[in-house]
Amino acid sequence: MRWLIICVILISAAFMARTSSTGKALLDTSREYVENLSSENTEDAYLLLSDSLAALVSPAFLELFDNSLSSGRITIGSIESRGYTISMALEQGGSRTIWLREDDSGEWKISGDSSLDNLLGMATVMCTAFAQETVIPAYRNGVDPGDFDCPISGKPYSLEGSILLCTSGHLGDGLDIGGSNCMLLRDSLAGVVSDYILAGYRFPDSFTGMFEESDGEFSQRGGFRCPDNGYVYYEITENGVFCPFHDETSRIELHSASERSSLNSLSHNPDQENF
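Residues numbered from 1 in each chain as written. Predicted model: local features only at pLDDT ≥ 70, side-chain atom pairs only at ≥ 80, totals over all residues. Heavy atoms only, no water.

J.: Tell me what's going on with the overall build of the chain, and back it up with residues and numbers.
T.: In terms of regular secondary structure, the chain is built from nine helices and twelve strands. For the chain, the residues scored as buried account for 39% of the 275 residues in total. Excluding contacts between residues fewer than 6 apart, the proportion of contacts in the chain whose partners are at least 24 apart in sequence is 45%. Carbon and sulfur atoms provide 51% of the accessible area of the chain, an area that totals close to 15700 Å². (Helix = DSSP H or I, 4+ residues; strand = E, 2+ residues; numbered from the N terminus. Buried < 20%, exposed > 50% of the residue type's maximum accessible area, 1.4 Å probe, protein only. Contact = heavy atoms within 4.5 Å. Areas by Shrake-Rupley, 256 points an atom, 1.4 Å probe, with all protein chains shown as cover.)

Here you go:
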């Protein structure tokens, strides 16, 4: 009986020591991670991420953090699917949750961060914007898209045919650099503008103007967007229907230059003969 009691005491002591050691490791790793981010030591902070989380981001992406320091109140919570939870009260109010897991070598790694989750929620928008504003224009100037890295994961872009892809999947099925869909819609809209002019209207300044001038018979309210970039609207220039994203124009075909000049000087008249 005496030895049984001694064994229970020893086991309990070992368990409490293990629990205390684990708690200290969790707190130390969490503090080190947050302090590295706050002091912009993103490379060191990146090394503290678990393999699965590190695969989603790059050290450069961690620089985008607007890190709020902890007020000093840090508590260890329960074990969840992402690991042990650490809750940190922030100086500016609110809290931040960090998850940790033990890797195969016995080191504790950051397996989740609520602040990082918020930033990753914008990954698709950020990657798409970078591709449209930087990668695609550079490609048109002869630069290989593979020379550019996704601003979130740091992995290179790739090109399959005319489709630009993000290795991390932020672009979904990809962006059509060739612009075949844009060309089809642009050519179709050039035909609409031609029909509008031949119906007796002046050469239009915009698709919105066409809609208003024709009481909705031609065009649509608000104009038309490029199918490859929903933020870009088609423009009507003297050369035709222009896409700022692809830097391409579809000509508006009329019967002759003299006819176009004549049409431009006319206002719409319901009784006027259509061309």
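J.: Summarise helix 6 (residues 123–140); cite the residues concerned and give the values.
T.: Helix length check: helix 6, at 18 residues, gives a terminal C-alpha distance of 24 Å against a target of 26 Å (1.5 Å per residue), a fit within 8%. Residue alanine 131 marks the point of greatest curvature in helix 6, where the axis turns by about 40 degrees. Restricting attention to buried positions, one finds in helix 6 the residues Ala123, Cys127, Thr128, Ala131, Gln132, Val135, Ile136 and Ala138. Where helix 6 ends, the next residue or the one after it, glycine 142, has phi of about 95 degrees, a positive value. (Expected span 1.5 Å × (residues − 1). Bend = angle between axes of the 7 residues up to and from the residue.)

J.: So what's going on with unusual backbone geometry? Residues and values would help.
T.: In this structure, aspartate 215 takes a positive phi of about 55 degrees despite not being glycine. Looking at the secondary structure, you find aspartate 215 in the loop between helix 8 (207–213) and strand 8 (225–226). Taking relative accessible area as the criterion, aspartate 215 reaches 74% and is therefore assigned exposed. Look at serine 219: it is not a glycine, yet its phi comes out positive at around 70 degrees. Relative to the elements of secondary structure, serine 219 occurs in the loop between helix 8 and strand 8.

J.: Describe the sheet that holds strand 11 (residues 240–243), and please don't skip the residues or the numbers.
T.: The strand order across the open sheet formed by three strands is 10-11-12, and the pairing between neighbours is antiparallel. In the strand order of this sheet, the two ends are held by strand 10 (235–237) and strand 12 (248–250), each with one partner. Across this sheet, the average inter-strand angle for adjacent strands is 35 degrees, counted without regard to direction. In this sheet, strand 12 lies alongside strand 11 in antiparallel orientation, the contact comprising three bridges. Within strand 12, the residue paired with cysteine 243 across the bridge is glutamate 248. (Pairing = 2+ DSSP bridges. Axes fitted to C-alpha atoms, helices over the stretch in contact; angles between N-to-C directions.)

J.: Account for the nonpolar core, naming residues and giving values.
T.: Core analysis: the largest hydrophobic core is formed by 61 residues, its most contacted members being Tyr33, Tyr157, Leu164, Phe207 and Tyr234. Per-element tally for this core: the top contributor is helix 7 (residues 180–198), with seven residues. (Core = buried A, V, L, I, M, F, W, Y, C linked by side-chain atoms within 4.5 Å.)

J.: Any details on the sheet that holds strand 6 (residues 163–166)? Residues and values, ideally.
T.: Strand order in the open sheet made by the three strands is 5-6-7, with antiparallel pairing throughout. Unpaired on one side and paired on the other, strand 5 (157–160) and strand 7 (175–176) mark the two borders of the sheet. Bridge count for strand 5 against strand 6 is four bridges, and the pairing is antiparallel. Its bridge partner lying in strand 6, tyrosine 157 is registered against cysteine 166. Along the sheet, helix 6 makes contact with strand 5, strand 6 and strand 7, crossing strand 5 at roughly 65 degrees.

J.: Can you lay out the pairing of strand 9 (residues 229–233) for me, pointing to particular residues and giving the numbers?
T.: Note that strand 8 and strand 9 share two bridges and pair antiparallel. The partner of arginine 225 across the bridge, within strand 9, is tyrosine 233. Adjacent in sequence and paired antiparallel, strand 8 and strand 9 are bridged by two residues.

J.: With reference to specific residues and values, describe a negative patch on the surface.
T.: Together, Glu32, Glu35, Glu40, Glu43, Asp44 and Glu63 make up a negatively charged patch on the protein surface. Looking at the negative patch, the elements that each hand over two or more residues are helix 1 (2–38) and helix 2 (42–47). By the element assignment, glutamate 32 lies in helix 1. (Patch = residues over 30% accessible without salt bridge, like charges linked within 9 Å, V, L, I, M, F, W, Y side chains within 5 Å. Salt bridge = Lys/Arg side-chain N within 4 Å of Asp/Glu carboxyl O. Lys, Arg positive; Asp, Glu negative; His and termini not counted. Charge placed at Lys NZ, Arg CZ, Asp CG, Glu CD.)

J.: Mind laying out the environment of serine 162, listing which residues take part and the relevant values?
T.: Along the polypeptide, serine 162 turns up in the loop between strand 5 and strand 6. Each residue touching serine 162, except ones within four places of it in the same chain, is listed here: Leu175, Asp176, Ile177 and Gly178. Within the structure, serine 162 has its side chain in polar contact with the side chain of aspartate 176 (distance 3.1 Å). (Polar contact = N/O pair within 3.5 Å; in protein donor to acceptor, adjacent residues only side chain to side chain.)

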